[in-house]
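# A closer look at the structure
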Amino acid sequence: MLVRIRSKEGTFRLETDPNECMLSLGTKIANQLKLTDYNSLEISDNPTNTIPIVELERKTISELGIKHGHLLYVAFKEPETDGSNTIQTDSKMSTSNLSVKQNPVDDLLEKQDGLIKRDKDQKFCKHSANGMCDYCMPLEPYDQGYLTEKGIKHMSFHAYLKSINKANKQLNELNSKFIPPLEEPDFRVKTNCSGGHASWPEGICTKCQPSAVTLALQQYRMVDHVEFSVSDLINNFINFWRSTGLQRFGYLYGRYEPYPDVPLGVKTVVEAIYEPPQEDEVDGLTLTLPWEEESLVDEVAAACGLVKVGMIYTDLTDDGTSQGKPCKISIQYSQNGVPLEISNTCAAMVSADIIEASIDPNIMRVKESTSERYVPEVFYKYKNKYGVNVQESAKPCFPVEYLLVNVTHGFPFNPTPLFTSSKQFPIANRPEFDVQDFGKLYRHLGLKESGNVHVNTVSDFQLLTFIRGTQVLTNDDFAALARLATSHEEKDANQLAQSSGWQTLVTIMREFDHSLIPNGGGQSYPGSSSSSSSRASEWSCRHCTFANKGFRTSCEMCGLPRD
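This is a predicted model, so every value here is computed, not measured. (Residues numbered from 1 in each chain as written. Predicted model: local features only at pLDDT ≥ 70, side-chain atom pairs only at ≥ 80, totals over all residues. Heavy atoms only, no water.)

Within the protein chain, the regular secondary structure consists of 15 helices and 26 strands. Relative to its full complement of 563 residues, the protein chain shows a buried share of 38%. Intrachain contacts of the protein chain at a sequence separation of at least 6 include 60% that bridge at least 24 residues. With an accessible surface of roughly 32,300 Å², the protein chain has 50% of that area assigned to carbon and sulfur atoms. (Helix = DSSP H or I, 4+ residues; strand = E, 2+ residues; numbered from the N terminus. Buried < 20%, exposed > 50% of the residue type's maximum accessible area, 1.4 Å probe, protein only. Contact = heavy atoms within 4.5 Å. Areas by Shrake-Rupley, 256 points an atom, 1.4 Å probe, with all protein chains shown as cover.)

This paragraph deals with the pairing of strand β13 (residues 265–274). With respect to burial, β13 is a largely interior element, 10 of its 10 residues being buried. Bridge count for strand β11 (residues 225–228) against β13 is 4 bridges, and the pairing is parallel. Note on β13: the bridge partner recorded for Phe228 is Val270. Both strand β12 (residues 249–259) and β13 contribute to a ladder of 9 bridges, which runs antiparallel. (Pairing = 2+ DSSP bridges.)

So, on to the pattern of salt bridges. A complete count under the given rule lists 21 salt bridges for this structure. Between Arg248 and Asp280 there is a salt bridge; the shortest N-O distance is 2.5 Å. Linking Arg248 in the loop between α5 (232–244) and β12 with Asp280 in strand β14 (residues 278–281), this pair joins segments that are 32 residues apart in sequence. With a relative accessible area of 1%, Arg248 lands in the buried category. Judged by its relative accessible area of 14%, Asp280 falls in the buried class. Here Glu271 ties to Arg255 by a salt bridge, and the two come within 2.8 Å at their closest N and O atoms. Residue Glu271 is found in strand β13, and its partner Arg255 is found in strand β12; the two are separated by 16 residues along the sequence. By relative accessible area, which is 5% here, Glu271 ends up buried. The class of Arg255 is partly exposed, set by a relative accessible area of 26%. (Salt bridge = Lys/Arg side-chain N within 4 Å of Asp/Glu carboxyl O.)

With the exception of glycine, the majority of residues adopt a negative phi angle, and the majority of peptide bonds are in the trans configuration. The residue after Trp200, namely Pro201, is reached through a cis peptide bond having omega 15°. Tracing the chain through its elements places Pro201 in the loop between α4 (157–173) and β9 (213–215). Across the junction of Lys395 and Pro396, the peptide omega takes the value 5°, indicating a cis bond. Of note in this structure, Leu264 is not a glycine but carries a positive phi near 55°. Position of Leu264 among the secondary structure elements: in the loop between β12 and β13. On the accessibility criterion, Leu264 (7% relative accessible area) is buried. Even without a glycine there, the phi angle at Asn429 is positive, about 60°. Positionally, Asn429 belongs in the loop between β24 (408–410) and α9 (438–445).

All of the buried residues in helix α8 (residues 344–351) are Cys346, Ala348 and Met349. When α8 is viewed along its axis, its buried side chains cluster within an angular range of 165° and face the same direction. Note on α8: the residue one or two positions beyond its end, Asp353, has a positive phi of about 60°. (Arc of directions from axis to C-beta.)

What follows is about the side chain of Asp460. Relative to the elements of secondary structure, Asp460 occurs in the loop between α10 (455–458) and α11 (461–470). Although buried, Asp460 forms no salt bridge, and the nearest oppositely charged side chain, Lys423, lies 9.5 Å from it. Engagement of the side chain of Asp460 in a polar contact is seen with the backbone nitrogen of Gln462, the distance being 2.8 Å. A polar contact is formed between the side chain of Asp460 and the backbone nitrogen of Leu463, at a distance of 3.1 Å. With sequence-adjacent residues up to four places away left out, Asp460 is seen in contact with Phe419, Ser421, Lys423, Gln424, Phe425 and His444. (Lys, Arg positive; Asp, Glu negative; His and termini not counted. Polar contact = N/O pair within 3.5 Å; in protein donor to acceptor, adjacent residues only side chain to side chain.)

Take the packing of helix α6 (residues 294–303) against α11 next. Here α6 crosses α11 at 120°, and the two axes come no closer than 10 Å. As judged from the angle between their axes, α6 and α11 are oblique. Here the hand of the crossing between α6 and α11 comes out right-handed. From α6, Leu296, Val297, Glu299, Val300 and Ala301 reach across to α11, where they touch Phe461, Leu464, Thr465, Arg468 and Gly469. (Axes fitted to C-alpha atoms, helices over the stretch in contact; angles between N-to-C directions. Parallel < 35°, antiparallel > 145°, perpendicular 65-115°, else oblique. Left-handed = near helix turned anticlockwise from the far one by under 90°.)

Glancing now at the sheet that holds strand β21 (residues 389–393). Pairing is mixed in the open sheet, where 3 strands are placed in the order β9-β20-β21. Each end of this open sheet is capped by a strand with a single partner; those strands are β9 and β21. Recorded for the sheet is a direction-independent mean angle of 30° between the axes of neighbouring strands. Examined bridge by bridge, β9 and strand β20 (residues 378–383) share 3 bridges and lie parallel to one another. Residue pairing across strands places Leu215 opposite Tyr380, the latter belonging to β20.

Here's what the structure looks like:
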């Protein structure tokens, strides 16, 4: 018979016999996992309650109730060497103790029971104030009646985990099969098949080919609400489309917080949008990935206590007036402005190269099988007009809603944004509007000749990414700047102003700004009588020798000011 073995290394199958002892099975497992220490093996049908296999090695497989197709969970310790030190890692450790660090909001929510408190029902409750009955006892965070009543289409991720864990507890009492709470779907052909044939694509059998896919709406969502800290974030982003008629893309940076409107809910608080280099068009856009500044922008976000939490893009059509107003059809049918998550099934189908986009954004196509790509049968279920569940083939196409999870969104009633600058520093990668340079930075900060740091002016994410990109400030000085931008404390401003890095930056900004004022006079602009003759001819940068043309006041290649 076959038994399935699951460990942190993955899942595999082993041939065994009901009369075989656990010592023999344990040896097979150790060999499969290439373990040197057989005694560290622990095994059970419950991943949270494994038993050392040495305690079971004299029992047979049938005595332990293991049957064909059963799934067993294996834990073990393995040495990891780092120089002269040896560290023991335990595969049973929680996710927060492994190399993948859990988000603090998950640490907080997993400790809560999430019970929904209810007041005493004046009509049905007959007990005293300190009593409790079925009409007033707290509800579980995954109670479907409560979720339907509140219009919550998807339960929260932590509520879903608790529903599975409770079901497992009940099944464990009945000695029934354990339900894995988080089992990632995988629709790829297995490459290590034991069927005795050549690996895919030369061979395939029922053991290694993926099962049919039946699409259903995902029960839970990872994030329940998206909150933009201030409406100007969206306005500044959409203003690009309003001014050019071209679509735009940006990454969202923010943090995760508990969301009390959904039991054990999580919300994303968006504090900044960064627009990477892109080629925008009326009906789409093109990104160059990976983009060079991504790690730098992520570093700036981390210094401000933020992470990349999503992406945003426009999908708008002008109403014909050329005044930057979306047409009625665009508002009705576009998904612009509607936060969405992709489901786990969607991610797995993309990974297996099963689906592709169609010309209709509401429809997904199922790809055809080829000699190099195996596409399993795909079905989707829906209720017909009679309320009966119907299953249909998803080939050649199916509604995209089966791959998406809706998320609510909005703005706070009393905004307290992290970045509070009243003036907007030029947005990166928008050369059509404005460019970022030391002169713009100098005037934005309002330093004049004093070099004083004003709390409000530095509290701007675009400004921080520009300064970090100049590499003028040391890591410690930039950390102080990020702390000032997010704490808004005058003491941090005084500390930053005294740092050598900041003083160097101020000096560069002054020199750059003064280079725009010829002969010590007033500010000169392209096209004015005092500048047109002297700036129109070609000039060579003394720093990189690049040949610049026209009225440029800084080098197009290296960005340094013209002498």
